[in-house]
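The primary structure of each chain is shown beneath.
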Amino acid sequence: MSEVYDLLIVGGGPAGLSSAIYGSRSKLKTLVLESKSKMGGQVADYHEMENYPGVVETTAPELVESFEEHAKKFGTEFAKGEVQELELDGFIKTVKTKKGEEYQAKSIVLATGAEPRKLGCEGEAEFKGKGVSYCATCDADFFEDLHVVVVGNGNSAIEEAIYLTKFAAKVTIIVIHEEGKMDAEKLFQERAYANDKIEFVWNSTLKEVKGEGIVETAVLKNVKTGETTELDCDGIFIFIGRVPSTDFLEDTNVQLTEGGYIKADEDMKTTVPGVYAAGDVREKVVRQVVTAAGDGATAAVMAQSYLEAEEHWRDNVLKTDKQVVVAFWNPTQDESLNTLQDIEELGIEADENKKLVKIDTYRNRLITNRYNITKVPTVLIIESGEEVERVENPTEEELAGLLK
Amino acid sequence: MLELNKDNFDNEVLESDGVVVVDFWSESCDPCLELMPEVEKLAEEYGDKAKFAKLNIKGNRRLAMKQQVMGLPSIVFYVDGEKAEHLSGDDLEPADIEATLNELLG
């Protein structure tokens, strides 16, 4: 494997594609690795798309196709493969797929998204493909003029229930909360209430799926009274949230939350340098296409500044035989400007065994944080990659001493 | 792979000897489109031992439901015209299909 990518993005949903647009437009050699042959992630299974800013009339698949086209325009490369293993130690990281392909990259954006959560009730697995479904676009056709049950009350559940009324004769939504209370946003709630084909069962959850070969009965349990009732139906769609796709991160140092989401800060940085998380896979509250796209953009920009800072440091400080004088300064701090000027006037580089490197702490957070620089001006002396001396607020004598 | 419809389904599947593998799919089902090339590969590999066919549920919904298929993707295996196994779900892997096929071929 000779090619090393600057930026490798795992996952081709809105977060990944947005990262790809930003990365490749900034001339990073960018690869998107997607496990499916079609880009889009969860959005590929949606239909309506009403709230992407600036795009008034579109569908979810159309929008995500234009994301892909946009990334291609700037030269993003695409490959198919499901990531199984990551080696994240060191500057060059390795990504291995289930089929054994290997890719190398200097920075990585994890944008693997999430997948539908299973309910885990009796009969759920048995009746998969026989009336129990997690994908309305896949299976709606089967239920023309029939009765379907939708379990869940978040945005997806209510949106999909509304979509299913285009096919089914009747859609019954099973809501675990008390009457009138749903997790979905008000707009979807109002549409559901206004739809003649939709009925609600409150305070309830699905306890069991029964039928002869195909789904015939949903056994519901009232969570308040404990009572069970049977509801005749032809299909059961389950939309009770999602679980993040992060199994492949178990053996890495990328820290996850208890729920399996990736912990990252507002700069999308994970606990591993050069590795970022974006979109639904990241721990956060709002999970929308536009927020995923925002995450992706941030991740790519941060990855780029990481690459610049890391490569500059490696090339100029770590890979040299000379003694390196590193001057940390900040353009908003006058004293550091003066010190910087004093250092430059010393003519350090006249000595062929010495080298001066200037680090703007405002722009180069990576190195500033790595060396715990809390004050400017600070001068570090580095030899063979190791810090040998540190002077904060150096005096003129101390500066002159740098020449010895 | 053989295209099935209501006119040839009985003859090609239910009245056929040996193992028949039917891939139920539709154009609006992304996981189906994902899986199809993999099933086609298996069809090439196992073509002399089993019959491979596909059924687009568009226009054949009743036929699919009669076979108790109400979700996609669905891969249904028949042995001497009798339904022997039904694999389904968007997490269905080609390896699962191959394993079931080998089991039924004995």
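In what follows, the structure referred to is the one given above.
Predicted model, so just to flag it, every value in this text is computed and none were measured. (Residues numbered from 1 in each chain as written. Chains lettered and ligands numbered in written order. Predicted model: local features only at pLDDT ≥ 70, side-chain atom pairs only at ≥ 80, totals over all residues. Heavy atoms only, no water.)

Trainee: For the overall build of chain A, give the residues involved together with the corresponding values.
Mentor: Along its length, chain A carries nine helices and 21 strands. On C-alpha atoms alone, chain A measures out to a radius of gyration of 28 Å, which is more than a quarter above the 22 Å that the 2.2 N^0.38 rule sets for 404 residues. Taken over the C-alpha atoms alone, chain A extends approximately 90 × 40 × 40 Å along its principal axes. The buried share of chain A, reckoned over its 404 residues, is 51%. Considering only contacts within chain A whose residues lie at least 6 apart along the sequence, 61% involve residues at least 24 apart. Looking at chain A as shown, the accessible area adds up to about 19400 Å², and 45% of this sits on carbon and sulfur atoms. Each charge class in chain A can be summarised by its mean position, and for the 45 positive and 74 negative side chains these summaries are 1 Å apart. (Helix = DSSP H or I, 4+ residues; strand = E, 2+ residues; numbered from the N terminus. Rg over C-alpha atoms; globule rule 2.2 N^0.38 Å. Buried < 20%, exposed > 50% of the residue type's maximum accessible area, 1.4 Å probe, protein only. Contact = heavy atoms within 4.5 Å. Areas by Shrake-Rupley, 256 points an atom, 1.4 Å probe, with all protein chains shown as cover. Lys, Arg positive; Asp, Glu negative; His and termini not counted. Charge placed at Lys NZ, Arg CZ, Asp CG, Glu CD.)

Trainee: Quick rundown of the interface of chain B and chain A? Include the residues and the values.
Mentor: At the interface, 23 residues of chain B touch 26 residues of chain A. Together, the buried faces of chain B and chain A total about 2100 Å²; carbon and sulfur atoms form 48% of this surface. At the boundary of chain B and chain A, one finds five salt bridges. Between A:Lys98 and B:Glu93 there is a salt bridge, with the nearest N and O atoms lying 3.7 Å from each other. Summed over the shared surface of chain B and chain A, the result is nine residue pairs in polar contact (both at pLDDT 80 or more). When residues of the side of chain B that touches chain A are traced back to their parent elements, those giving at least two are helix H2 (30-46), helix H3 (61-66) and strand E5 (82-88) of chain B. Sorting elements by how many residues they give to the side of chain B that touches chain A places H2(B) first, with four residues. Residues that form the side of chain B that touches chain A fall into these classes: eight nonpolar, eight polar and seven charged. (Buried area = accessible area lost by both parts, 1.4 Å probe. Salt bridge = Lys/Arg side-chain N within 4 Å of Asp/Glu carboxyl O. Polar contact = N/O pair within 3.5 Å; in protein donor to acceptor, adjacent residues only side chain to side chain. Nonpolar A, V, L, I, M, F, W, Y, C, P; charged D, E, K, R; others polar.)

Trainee: Outline the packing of helix H4 (residues 155-164) of chain A against helix H5 (residues 186-194) of chain A, supporting the account with residue identities and numerical values.
Mentor: Residue and element names in this part refer to chain A. One way to put it is that H4 packs onto H5 with a least axis distance of 10 Å and a crossing angle of 35 degrees. Seen from above, H4 lies across H5 with left-handed handedness. Only Phe188, Gln189, Arg191 and Ala192 of H5 make contact with H4, whose side of the interface consists of Asn155, Ile158, Glu159 and Ile162. Looking at the contact of H4 with H5, its residues break down into four nonpolar, two polar and two charged. (Axes fitted to C-alpha atoms, helices over the stretch in contact; angles between N-to-C directions. Left-handed = near helix turned anticlockwise from the far one by under 90°.)

Trainee: Before we move on, could you go through the sheet that holds strand E2 (residues 19-25) of chain B and cite the residues and values that matter?
Mentor: Residue and element names in this part refer to chain B. Taken together, five strands build an open sheet; the order of strands is E1-E3-E2-E4-E5 and the sheet is mixed. Among the strands making up the open sheet, the edge pair consists of strand E1 (2-3) and E5. Pairing analysis gives two bridges linking E1 to strand E3 (residues 50-56), with the strands arranged parallel. Bridge pairing in E3 links Leu2 to Ala53. Strands in contact with H2 are E2, E3 and strand E4 (74-79); relative to E3, the strand with the most contacts, it is inclined by about 155 degrees. Along the sheet, helix H4 (residues 94-105) contacts E2, E3, E4 and E5; its crossing angle with E4, the most-contacted strand, is approximately 5 degrees. (Pairing = 2+ DSSP bridges.)

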